[in-house]
Structures are given as C-alpha cells and as structure tokens.
Amino acid sequence: MDPRGAHDPEDDMPFAELDSRARADAALRRIQGGADPTREAFDLANTMNDEAVGRMAKRLRRFFRRD
C-alpha cells in the first residue's frame, strides 16, 4: 500500500479533538499531501495556544475560588 495514498481518520478531525502529538502528525501529513505549510503551522500554533490559555484560566479560577 502506498503511504501517500493512506488516509488517517485524524486528518478529518477538528484539532481540538486530538492531542498535541496527533495534531502535529496530522498537520505534517497534510503538508506532505500538498497543504500550505504556513497555514498548517498557524492553525496548529493557535489551537495549542488557545488550550494553554484555557488551562491557565481554569487553574486561576480554581485558585481564586479557594479564598
């Protein structure tokens, strides 16, 4: 089987539903398949940044509720 013709289900899933490693792998496969590398990197970075900010906000809310 030709690996370039293989289709991974992760390629069709929204980034938010994948863990960071799976997101990066899916982005690399799309780039290898001809997708715009700049767009893939931008989308990947934005998603990871949004998640980091969300985790930080959750921790801060939890911290301030303790008072």
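A brief look at the structure comes next. None of these values were measured; they are calculated from a predicted model.

Calculation rules
Residues numbered from 1 in each chain as written. Predicted model: local features only at pLDDT ≥ 70, side-chain atom pairs only at ≥ 80, totals over all residues. Heavy atoms only, no water. Helix = DSSP H or I, 4+ residues; strand = E, 2+ residues; numbered from the N terminus. Buried < 20%, exposed > 50% of the residue type's maximum accessible area, 1.4 Å probe, protein only. Phe/Tyr/Trp six-rings, centres within 6.5 Å; stacked < 30°, edge-to-face > 60°. Patch = residues over 30% accessible without salt bridge, like charges linked within 9 Å, V, L, I, M, F, W, Y side chains within 5 Å. Areas by Shrake-Rupley, 256 points an atom, 1.4 Å probe, with all protein chains shown as cover. Salt bridge = Lys/Arg side-chain N within 4 Å of Asp/Glu carboxyl O. Lys, Arg positive; Asp, Glu negative; His and termini not counted. Charge placed at Lys NZ, Arg CZ, Asp CG, Glu CD. Expected span 1.5 Å × (residues − 1). Contact = heavy atoms within 4.5 Å.

### Things to note about the overall build of the chain
Within the chain, the secondary structure is distributed over two helices and zero strands. When the 67 residues of the chain are sorted by exposure, 15% land in the buried category.

### Quick word on the environment of alanine 24
Here alanine 24 shows up in helix H1 (residues 20–32). Alanine 24 gets classed as partly exposed once you look at its relative accessible area, which sits at 25%. Separated by 21 residues in the primary sequence, alanine 24 and alanine 45 place their C-alpha atoms 9.8 Å from one another.

### Focus: the packing of aromatic side chains
Scanning the entire structure with this criterion turns up one aromatic pair. When the ring of phenylalanine 63 is compared with that of phenylalanine 64, the centres are 5.2 Å apart and the planes differ by 75°; the resulting orientation is edge-to-face.

### What to know about a nonpolar patch on the surface
Taken together, Met56, Leu60, Phe63 and Phe64 make up a surface patch of nonpolar side chains, about 440 Å² in accessible area. Assignment of secondary structure puts phenylalanine 64 in helix H2 (residues 37–65).

### Observations regarding a positive patch on the surface
On the surface, Arg55, Lys58, Arg59, Arg61, Arg62, Arg65 and Arg66 cluster together to form a positively charged patch. With respect to the helices, strands and loops of the structure, arginine 65 is situated in helix H2.

### Quick notes on H2
With 29 residues, H2 extends 42 Å between its outermost C-alpha atoms, agreeing within 8% with the 42 Å of an ideal straight helix rising 1.5 Å per residue. Inspection of H2 places Glu40, Leu44 and Thr47 among the buried residues, and these make up the whole buried set. Structurally, H2 contributes buried residues whose contacts are with H1.

### Concerning the pattern of salt bridges
All told, the structure shown has four salt bridges when counted by the stated rule. Residue glutamate 51 pairs with arginine 23 through a salt bridge whose shortest N-O separation is 2.7 Å. With glutamate 51 in helix H2 and arginine 23 in helix H1, the pair connects residues that are 28 residues apart, well separated along the chain. You can call glutamate 51 partly exposed: its relative accessible area is 26%.

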